[in-house]
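Tertiary structure, described
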Amino acid sequence: MAATDDDDVSRDKFEEVEEMLFQHRAKVYRFCCDTKQWEERGLGSMVILRSLTNQGTCRVLLCREQALTVACNHYIGAEMALRPMANSSTAVSWFATDYADEKGKMEHLAVRFKAKETRDEFRRVFEEAVEAEKQRCINVADAGDGVSHGDERGERCATTSDHGDRAKEDDDDQPGKCCADDLDGRTAATSDNEEDEF
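Residues numbered from 1 in each chain as written. Predicted model: local features only at pLDDT ≥ 70, side-chain atom pairs only at ≥ 80, totals over all residues. Heavy atoms only, no water.

A complete count under the given rule lists seven aromatic pairs for this structure. Between Phe 31 and Trp 38, the aromatic rings sit 5.4 Å apart at their centres with planes inclined by 75°, giving edge-to-face as the arrangement. When the centroid spacing of 5.4 Å and the interplanar angle of 50° are considered together, the rings of Phe 113 and Phe 122 count as tilted. As far as burial versus exposure is concerned, Phe 113 and Phe 122 are alike and both buried. Through pairs of rings, three or more aromatic residues link up here, namely Phe 22, Trp 94, Phe 113, Phe 122 and Phe 126. (Phe/Tyr/Trp six-rings, centres within 6.5 Å; stacked < 30°, edge-to-face > 60°. Buried < 20%, exposed > 50% of the residue type's maximum accessible area, 1.4 Å probe, protein only.)

Right, here's the structure in full:
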């Protein structure tokens, strides 16, 4: 586990069913399609957890300090990619179907840490989780078993841009549905070489 400061999420909460791979204080943001601006979702301990019971799947979680409400909560999927932020060496962004508000919604998220080294450690752990999920999806496909797992494992094996299309088609009233498809013409599958801005 990475070194942390001002930890607000107790390891005891997770240790029975999840292993903590990363934990560090950070701010998480979401891109608002209406205002075309980044909005702060919360400040707290950003953690990456690996399930001990669900085939080692990983998720990203941030609980707000003091209020202890969820600001970010999603699985790490096989097609997710982190992108640098043009005006911050300590931040990265990505697309995910986020369950912070309980109902899954495609979001363009970003996290900012105090130090570049912390961001680099987050990137390393996140990308290792993506690679593990890719391998898991290959194993599922080889076993001819992918369809039966539907919303959980099957969804995480779908591409991130597929999630955006699905959100747009399935629920025209869904807030934030445009975020995957309407960011200055960019999509969730945009090259890792491109940068976002706060």
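And the narrative resumes.
In this structure, Glu 121 sits in helix H1 (residues 116-142). On the basis of relative accessibility, which here comes to 23%, the residue Glu 121 falls in the partly exposed class. (Helix = DSSP H or I, 4+ residues; strand = E, 2+ residues; numbered from the N terminus.)

With the rule as written, the count across this model stands at zero disulfides. No disulfide involves Cys 63; its sulfur sits 9.8 Å from that of Cys 72, the nearest cysteine. Its relative accessible area of 13% is what places Cys 63 among the buried residues. Among the residues examined, Cys 72 registers a relative accessible area of 0% and is labelled buried. (Disulfide = S-S within 2.5 Å.)

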